[in-house]
Amino acid sequence: MKKISIMVPCYNEEENVVPLSEALINMFKKDLPQYDYDILFIDNDSSDTTRVKLRMLCENNPKIKAIFNAKNFGQFNSPYYGILQTDGDCTIPVCADFQDPIDVIPRLVHEWENGSKIVCAVKTTSKENPIMYFLRSCYYKLIKKMSDVEQIEHFTGFGLYDKSFVKVLRDLKDPIPFIRGIVGELGFKKTEIEYTQAQRRAGKTHNNFYTLYDAAMLSFTSYTKIGLRLATFIGGFCGLASLLVGVVYLVMKLIYWNRFTAGMTPLILLVSFLGSLQLIFIGLMGEYILSMNKRLMNRPLVVEEERINFSKNVESIVEDK
């Protein structure tokens, strides 16, 4: 009997973890009874009662597992690490807030059984804020055009990964992984299915400007070169333009001598513009350097505080990896 692993990252999801586990168990009983399964929750140091409820779920059902992180390791590392800890024939990451529809999972499994090693769930519409959806659409299209690596629009990581691809992820050893980009860069032949993203069932989103910016810059610095190329090209253009302006100014000064005067305002504006441009590109290059620095430090993805309902065999396999 094939085994399907469901991986659920969570942070302060006390209102969602119990209903989600019940919905997943009912889905397997109703739609996928021919498969074995387990459900792995990886908690990113929640400050509410999420861990209390996860302990209760694990006590009542040996098919439910839990990993408690020692601290919050961010929105990318924890889910990625959770995928690496699964041992099913395939792994399906699912958000704890019900925005990834449970009824899509049988469709993912169907495509997997037809031979697809990776099945990407791509949202074509969303019940979230329409302005946010529009901005995300613009961002995906921009990254897709700038990147040398295939980028999948409106793919959040929700999908199905065969165990052969999970092995690729284990061998990658990337300390700041971006699963959406990795799927496009290193993944096997993919199948895409469409779905409508639901609204969050309960609780508040943990995304803010900083987390969204962090996600955007991780994708930008990992899979595009255009930022550095723009700095080179625009810097060269501005340097050439400044040289021409300087030559023209010198010629006018020599020809008209004391009669030629140029006010300070244009010069101040030019200096301010060039200074701002330099600061922007220095900051952009700093983002690239920061990304490189994190990879060179090679910190662990997460540090575990506790894991529940893992067999010793699985623990030894994970440690060896």
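Refer to the structure presented above.
Predicted model only: the values in this text are computed from it and were never measured.

Reading guide: rules and limits
Residues numbered from 1 in each chain as written. Predicted model: local features only at pLDDT ≥ 70, side-chain atom pairs only at ≥ 80, totals over all residues. Heavy atoms only, no water. Axes fitted to C-alpha atoms, helices over the stretch in contact; angles between N-to-C directions. Helix = DSSP H or I, 4+ residues; strand = E, 2+ residues; numbered from the N terminus. Parallel < 35°, antiparallel > 145°, perpendicular 65-115°, else oblique. Contact = heavy atoms within 4.5 Å. Nonpolar A, V, L, I, M, F, W, Y, C, P; charged D, E, K, R; others polar. Phe/Tyr/Trp six-rings, centres within 6.5 Å; stacked < 30°, edge-to-face > 60°. Buried < 20%, exposed > 50% of the residue type's maximum accessible area, 1.4 Å probe, protein only. Lys NZ or Arg CZ within 6 Å of the ring centre and 35° of its normal. Core = buried A, V, L, I, M, F, W, Y, C linked by side-chain atoms within 4.5 Å. Left-handed = near helix turned anticlockwise from the far one by under 90°. Pairing = 2+ DSSP bridges. Salt bridge = Lys/Arg side-chain N within 4 Å of Asp/Glu carboxyl O.

A. The arrangement of the packing of helix α1 (residues 17–31) against helix α2 (residues 50–60) in detail. Where α1 contacts α2, the two axes come as close as 9 Å, and the packing angle between them is 30°. Taken together, α1 and α2 sit at an angle that is classed as roughly parallel. On α2, the residues touching Val17, Val18 and Ser21 of α1 are Thr50, Lys53, Leu54, Met56 and Leu57. Across the contact of α1 with α2, the residue classes tally to five nonpolar, two polar and one charged.

B. The arrangement of the packing of aromatic side chains in detail. Applying the stated criterion across every chain, the model contains five aromatic pairs. When the ring of Phe28 is compared with that of Tyr37, the centres are 4.4 Å apart and the planes differ by 10°; the resulting orientation is stacked. When its relative accessible area of 2% is taken as the criterion, Phe28 is described as buried. Owing to a relative accessible area of 11%, Tyr37 belongs among the buried residues under this scheme. Each ring, one from Phe76 and one from Phe178, has its centre 5.5 Å from the other, and the planes form 70°; the classification is edge-to-face. Remark: Phe178 occurs in the loop between α6 (163–172) and α7 (179–186) and Phe76 occurs in helix α3 (residues 74–84); sequence separation between them is 102 residues. For Phe178, a relative accessible area of 4% puts it in the buried group. These aromatic residues form a ring-pair network of at least three members: Tyr161, Phe165 and Phe188. Between Lys2 and the ring centre of Trp112, over which it is positioned, the NZ or CZ distance is 5.0 Å.

C. Quick peek at the nonpolar core. The biggest cluster of nonpolar side chains holds 40 residues, and the ones touching the most others in it are Ile6, Phe41, Ile92 and Ile105. Here Phe41 is in contact with Val8, Cys10, Val17, Leu20, Ser21, Leu54, Leu57, Ile64, Lys65, Ala66 and Ile67, once residues within four sequence places are set aside. Listed in part, the 23 residues of the second largest apolar core include Cys120, Val166, Ile182 and Phe310.

D. Broad picture of the packing of α6 against α7. Here α6 crosses α7 at 110°, and the two axes come no closer than 12 Å. Regarding the angle of α6 to α7, the classification is roughly perpendicular. Here α6 runs over α7; the crossing is right-handed. Contacts between α6 and α7 involve Phe165, Leu169 and Leu172 on the former and, on the latter, Ile179, Ile182, Val183 and Leu186.

E. Expanded view of unusual backbone geometry. One non-glycine residue, Phe98, lies in the positive phi region at around 75°. Positionally, Phe98 belongs in the loop between β4 (90–93) and α4 (105–113). Residue class for Phe98 comes out buried when judged on its relative accessible area of 18%. Even without a glycine there, the phi angle at Asn309 is positive, about 70°. Tracing the chain through its elements places Asn309 in the loop between β8 (304–308) and α11 (312–320).

F. Structural context of the sheet that holds strand β2 (residues 36–43). Reading across from one edge, β7-β5-β6-β4-β1-β2-β3-β8 is the order of the eight strands in this open sheet, with mixed pairing throughout. What marks the edges here is a single partner per strand, and that holds for β7 (190–197) and β8. Here the average twist between neighbouring strands, direction ignored, is 20°. Where strand β1 (residues 3–10) lies against β2, eight bridges are found, and the strand directions are parallel. When the bridges of β2 are listed, Ile6 appears paired with Ile39. With respect to the sheet, α2 is in contact with β1, β2, β3 (64–69) and β8, its orientation differing from that of β3 by roughly 150°.

G. Structural context of the environment of Thr124. Tracing the sequence through the fold places Thr124 in strand β5 (residues 118–126). For Thr124, a relative accessible area of 35% puts it in the partly exposed group. With residues up to four places along the chain from it excluded, the contact list for Thr124 reads Tyr133, Glu194 and Tyr195.

H. Spotlight on the pattern of salt bridges. Applying the stated criterion across every chain yields a total of 14 salt bridges. In this structure, the salt-bridge partner of Asp89 is Lys163, at a minimum N-O distance of 3.4 Å. Taken together, the positions of Asp89 in the loop between α3 and β4 and Lys163 in helix α6 put the pair 74 residues apart, joining distant regions of the chain. Note on Lys163: relative accessible area 48%, which makes it partly exposed. The closest approach of N and O atoms between Lys117 and Asp162, which form a salt bridge, is 4.0 Å. With Lys117 in the loop between α4 and β5 and Asp162 in strand β6 (residues 155–162), this pair connects stretches of sequence that are 45 residues apart. Residue class for Lys117 comes out partly exposed when judged on its relative accessible area of 37%. Looking at Asp162, the relative accessible area reads 8%, which means it is buried. Taken together, the shared-partner salt bridges in this structure form one network comprising Lys3, Asp38, Lys65 and Asp87.

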